[in-house]
Amino acid sequence: ITDEEGGIGTYAITGGMSTANVDTFFNRSGTSDGGASNAPIVLVPTPGPAITGSVRDAATFDVTFDVNLPPVSGGDYTQDGCNCAPTGYKVYQAIVGRGGMPPVGRDLSLWTELNMSDGMPQPANGTPINTPLSLTSNCGSMDNDVYLATQLIFDSGFATHTVSGNTTRVECGPNLASPADTRPGRPDRPGRPDRERGRRR
């Protein structure tokens, strides 16, 4: 089950063994307004990729990202020994003009799957969770901002139809913005009038 809310993709997975009549019941034990065996299935935020490093190509101005997806928790409501929790992940990108509005839509169709740093596509069943991945964004033709997000891959190739929330903005292109001076120090003070050296006060 996938959805999105407030610019963040959400998901939950449920599963169970079939009965002799080929029925599968997804009722969860617990209490709710519906009774003692109807505890709710709550969608949780899809975890986003952790950017562990990035390198800007001096010739093409494209950016190569080192990313990882830490172990996933929550959103798994499988039962009866059904091992259907997330097994892998893919990383997608959205490119906007420098300083443009960050992407809000989480639908997979609004995002572009990144290629690996060697130019090959990401594995069809994703990269195993908690396994580092190196990906390249061909974003350097002009000054752009790049945002990354993840798609979760499940058993048997099932995958979320929405992506996670945005990573932080990464600049790409021929020119990089000059960072503000963030050195700690005293508040700005008015400058003193210049005085001629050697003049008595």
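See above for the structure.
Residues numbered from 1 in each chain as written. Predicted model: local features only at pLDDT ≥ 70, side-chain atom pairs only at ≥ 80, totals over all residues. Heavy atoms only, no water.

Observations concerning the state of the cysteines
Stated formally: Count a disulfide wherever a pair of cysteine sulfur atoms falls within 2.5 Å. Secondary structure elements are taken from DSSP: a helix is a run of H or I of four residues or more, a strand is a run of E of two residues or more, and numbering for both begins at the N terminus. Buried means the residue's accessible area, taken with a 1.4 Å probe over protein chains only, is under 20% of the maximum for its type, while exposed means over 50%, and partly exposed covers the values in between.
What the rule picks out here adds up to one disulfide. Residue pairing for C139: its cysteine sulfur links by disulfide to C172, the two sulfurs lying 1.9 Å apart. The chirality of the disulfide connecting C139 with C172 is right-handed, given an S-S dihedral of about 90°. One end of the pair, C139, is in the loop between β12 (133-137) and β13 (144-153); the other, C172, is in strand β14 (residues 170-172), and 33 residues separate them in sequence. The residues C139 and C172 share a single accessibility class, namely buried.

Brief notes about the sheet that holds strand β6 (residues 63-68)
Note the cut-off: Whether two strands pair depends on DSSP finding at least two bridges between them.
Strand order in the open sheet formed by four strands is β5-β6-β12-β10, and the pairing between neighbours is antiparallel. Since the sheet does not close on itself, it has two edges, and those belong to β5 (50-56) and β10 (115-116), each with one partner. When β10 meets β12, the two strands line up antiparallel, connected through two bridges. Looking at β12, one finds that M116 is bridged to L135.

A look at the pairing of β5
Here β5 runs beside β6; their pairing, made up of six bridges, is antiparallel. Along β6, the bridge assignment pairs V55 with T64. Here β5 folds back onto β6, and the loop between the two strands holds six residues, one of which, F61, carries a positive phi near 70°.

Notes on the pattern of salt bridges
Formally: A side-chain nitrogen of Lys or Arg and a carboxyl oxygen of Asp or Glu constitute a salt bridge if their distance falls within 4 Å.
Taken as a whole, this structure holds six salt bridges when the rule is applied. With its nearest N and O atoms 3.2 Å apart, the salt bridge here joins D145 to R98. Separated by 47 residues along the polypeptide, D145 in strand β13 and R98 in the loop between β8 (88-97) and β9 (112-113) bring together distant segments of the chain. For D145, a relative accessible area of 0% gives the class buried. Note on R98: relative accessible area 27%, which makes it partly exposed. When the shortest N-O distance is used, the salt bridge between D145 and R169 registers 3.1 Å. Of this pair, D145 sits in strand β13 while R169 sits in the loop between β13 and β14, and the two are 24 residues apart along the sequence.

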